[in-house]
Each structure stands twice: as structure tokens, then as C-alpha cells.
Amino acid sequence: MSVQTLLAHVRSRVTVDVDSMDPAVAARHAEHTKFSDMTSNQAIVYSEAVRPERAHLFNAACAQFRSGSSVAQLPLDTRAADALDLLTVLLAKEVYPHLTGRVHAQTSPSAAYDTEATILHAKKLVSLFEANGIPKSRVCIKIPATPESIIACKYLEQLGIRTLATCLFSVPQAMAAHQAGCLYVAPYFNELRVHFEPELWKEYADTAREHPASQVIKDIVQLYQEIGSSTLVMPASIVTAKEVLALVSLKPNHLTLSGAVLDQLAAAQAPEEAESADSKPHHPDVDLKAHPTSSDANSTATVPDVKTTNFLENNGSALREATAADAETTRKLADALKIFGEMEAKTKELIRAE
């Protein structure tokens, strides 16, 4: 009798996506079961751009925009941005054979508070995917959940471009994403900075009960069930296999997992019981009318009844007010955009040098 791995156990409970643009990671864990989607962001693109194994893609993207090419008259910054978008698509294309669902690419953090710029970048990415053999039906555009960009999501969804609301830390952001018609929301389990400063990461004895993001994700899952939302919940920014088990107990639709976490799960044996001690579902009573809006357990900020508030009207004024009243969401959102902006700038600098 074969022993089931923890990864196989998790896949039997929730749809698993690969949070990596490394085709070797995807191939290693898709030998028997393909992933649904591949997620990415500016940090993941940079991490691939500096790897010698990816030099052929980096050089191919740069070659189309070098001096002497047909677009050589364009400003260097424009050519660098265009080459970065092409690199993103080429990296995703190598993972595409290991998927049954969509490739994800993230709009520029510099456009996060500019509705029109977000729309233009999203449309450009979709066109690049189509030009490289990946149809629009297999693409999802990740967009930071700011008021301006959530409004962009609504417009893009009306064009048939599917979207994921990322950099998401609160129930109001999730409700706004539902109202915009987003395909996914990706609430962060850990704030983004823990991946760059590991000492910030904290372990909990009972992750599903004690981790500050657990309550937010429970609330989002419950809210979507109550209102019959078609938006899918895909928690992201996961560090350990133990966190994966805790998240499985919260019953999201998807989990997107890095290569490191996938390796942890693949190397571990599944629990003998259907649910491990840390993955037993917890179902606390939740009051969505007056609940802290983010993962800050000490927050005193409350939100209006999220079921009746239109977070998109008046250019997202209600979402803007809810975010401003929530110090932790404000801090984590700003920090995520800062990090993604830094990673984007570093990749552009590599491209300019090339």
C-alpha cells in the first residue's frame, strides 16, 4: 500500500496552484496531477530574471527592444518596461504546459492608484500572452486591491479579462472585489515582507485559531458563501506546510504555493486521519457587521455592514474610507506595493544594462 504524501492529501481537499515561474518546480510537482493556475508577481519575475538558467528568456525579451531594433527610437524606460512585460509572458509560457487553468501576471505597482493606467497595462499583458500562444481564456491579471484598481477590475471583467484582487488584507477589499466581479481574491496569510526578512515570521501553536490572518480569511469565505459570490478565495503568501494545513481547514477554493512549500508537502506523509489536529475546522461565530477589518487583532476599527455597502460607487469612496480606518491594512498594502515596486525597478535595471 503506497503512502500518501501531504501534498496529495492537500490536493484532495483544495485546488492547488503553483506560486512560481520555475518550470522545474511545476514539473516536479505535476507529474501525476497538474496544477490549476500559476501565480506570479514582480518579486517572482525578478528572482527568475537573475537565474543563469533563465538567461535565454531574459536575452530573448531584451533582444526585441535593443538599439538597432525597430523600436529603438522609443525612450529607454519605455523599452525596458516593454521588455519586462515580454519577459513576464515568456516565463509564464514555460510553466503553462503544467497547468489546467490560467497563468497570472500582475500589473505594475506604479499604476495601483491609477485606474486608467491599470486598465492599459492589463490589456497590454493579455495581448502579449495572446501573441505568444496563450489565449485570453487562460489568463488572469493580478491587480492590487486599491480603490482605483478595483474599479479597473470591474471594467476589465466587462471586457472579458479575468482578474484577481491581490495585496488583499481585509473584508471590505474582498467585498469590493466581489462587486467588481473578480474571478479571485488572494488574501495574504503572511504580510509580504516576511519573505524578505524571515525574522518577521512568527509560528503559532494552533495556526488556524491564532494566526491573525486566519480570522480575515474565515470571514471572507463565510461572507462569500452567504451572498453566493462566484469570486474564488485563493490565500497566498504561505510560508510552511503547517500553515497550509491550517488554511485547508478554513475551506478556501484554492491555495497558491511556492516551490519551497510544495517541497515540504511532498516530503511529508499525510496524516492517518482525514484531518490533522491543526487542520480540524474551526467555526467561530462571526459578526460581519462589526468585525475588525483586517488581521490586526488589536484593531478597534469596524466596518459598515459589508453586505449592503457599495464599495465601488463614488470612485471607491467607501473602500477608501474603510482602508484608511484600518491601520494594518493600510500599512501592509503600502509595504507590499513598495516591495513590488522595488523588485520591478531591479528587473528594469537589469534590462537597461543588457
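The written sequence of each chain sets the order in which its residues are numbered from 1. Local features in a predicted model are, by the rule used here, given only for residues with pLDDT of at least 70; side-chain atom pairs are given and counted only at 80 or more, and totals for whole chains, interfaces and linings are based on all residues. Think of the side-chain values as coming from all heavy atoms in the structure, minus any hydrogens and water.

- An unreviewed UniProt entry annotates the protein as Aldolase of Lentinus brumalis.

1. Examining the overall build of the protein
Part 1 of the reasoning: Scanning the protein from terminus to terminus reveals 14 helices and seven strands.
Part 2 of the reasoning: Relative accessible area decides the class of each residue, using a 1.4 Å probe on protein chains only: under 20% of the type maximum gives buried, over 50% gives exposed, and in between gives partly exposed. Within the protein, buried positions represent 56% of all 354 residues.
Part 3 of the reasoning: Pairs at least 24 apart in sequence give 71% of the contacts found in the protein among residues at least 6 apart.
Part 4 of the reasoning: Residue-level accessible areas treat just the shown protein chains as cover; the underlying method is Shrake-Rupley with a 1.4 Å probe. For the protein, the accessible surface area stands at approximately 14600 Å², while carbon and sulfur atoms represent 52% of it. Working definition: helices are DSSP H or I runs of at least four residues, strands are E runs of at least two. Numbering for both runs from the N terminus. In this analysis, two residues are considered to be in contact whenever any of their non-hydrogen atoms come within 4.5 Å of each other.

2. Overview of the packing of helix 7 (residues 147–158) against helix 13 (residues 313–324)
Part 1 of the reasoning: Working convention: axes come from line fits to C-alpha atoms, limited for helices to the stretch in contact. Angles between N-to-C directions cover 0 to 180 degrees. Running from amino to carboxyl end, helix 7 crosses helix 13 at an angle of 130 degrees, the nearest separation of the two axes being 8 Å. By the angle between their directions, the pair helix 7 and helix 13 is classed as oblique. Judged by the sense of rotation from one axis to the other, the crossing of helix 7 with helix 13 is right-handed. Judged by residue contacts, Pro-147, Glu-148, Ile-150 and Ile-151 of helix 7 engage Asn-315, Gly-316, Leu-319 and Arg-320 from helix 13.
Part 2 of the reasoning: Under the scheme applied, nonpolar residues are Ala, Val, Leu, Ile, Met, Phe, Trp, Tyr, Cys and Pro; charged residues are Asp, Glu, Lys and Arg; polar residues are all the others, including Gly. Across the contact of helix 7 with helix 13, the residue classes tally to four nonpolar, two polar and two charged. To sort the angles, those under 35 degrees are grouped as roughly parallel, those over 145 as roughly antiparallel, those from 65 to 115 as roughly perpendicular, and the leftovers as oblique. It is the rotation of the near helix from the far one that decides the hand of a crossing: anticlockwise by less than a right angle makes it left-handed, clockwise makes it right-handed.

3. Remarks on the confidence of the model for the protein
Part 1 of the reasoning: The quantity known as pLDDT measures the predictor's confidence residue by residue, on a range of 0 to 100. Across the protein, the average pLDDT comes to 91, with 90% of residues at 70 or higher.
Part 2 of the reasoning: Every residue in residues 274–293 scores below 50 in pLDDT, and together they form 60 contacts with partners more than four places removed in sequence or on other chains.
Part 3 of the reasoning: Within the model, the stretch residues 295–303 combines pLDDT values under 50 with 20 contacts to residues more than four positions away or in other chains.

4. Structural notes on the sheet that holds strand 4 (residues 162–168)
Part 1 of the reasoning: Across the sheet, which stays open at both edges, the five strands sit in the order 2-3-4-5-6 with parallel pairing between neighbours. Both outer strands of the open sheet, strand 2 (103–106) and strand 6 (232–233), are each paired with one neighbouring strand and no more.
Part 2 of the reasoning: Where strand 4 lies against strand 5 (residues 184–187), three bridges are found, and the strand directions are parallel. Each bridged residue has a counterpart across the sheet, and for Ala-165 the counterpart in strand 5 is Val-185.
Part 3 of the reasoning: This element, helix 10 (residues 212–227), spans strand 4, strand 5 and strand 6 of the sheet and lies at about 160 degrees to strand 5. Strands are labelled as partners when DSSP assigns at least two bridges between them.

5. Looking at the packing of aromatic side chains
Part 1 of the reasoning: When the centres of two rings from Phe, Tyr and Trp lie within 6.5 Å, Trp using its six-membered ring, the rings pair. Their planes under 30 degrees apart give stacked, over 60 give edge-to-face, and anything left gives tilted. Scanning the model with the defined rule gives one aromatic pair in all.
Part 2 of the reasoning: Ring centres of Phe-169 and Tyr-188 lie 5.2 Å apart, and the angle between their planes is 70 degrees; this geometry places the pair in the edge-to-face category. Remark: Tyr-188 occurs in the loop between strand 5 and helix 9 (207–210) and Phe-169 occurs in the loop between strand 4 and helix 8 (171–180); sequence separation between them is 19 residues. This pair shows no difference in class: Phe-169 is buried, exactly as Tyr-188 is.
Part 3 of the reasoning: By definition here, charges over rings are those cases where NZ of Lys or CZ of Arg is within 6 Å of the ring centre and within 35 degrees of the ring normal. The aromatic ring of Phe-35 is capped on one face by Arg-11, whose charged end is 4.7 Å from the ring centroid.

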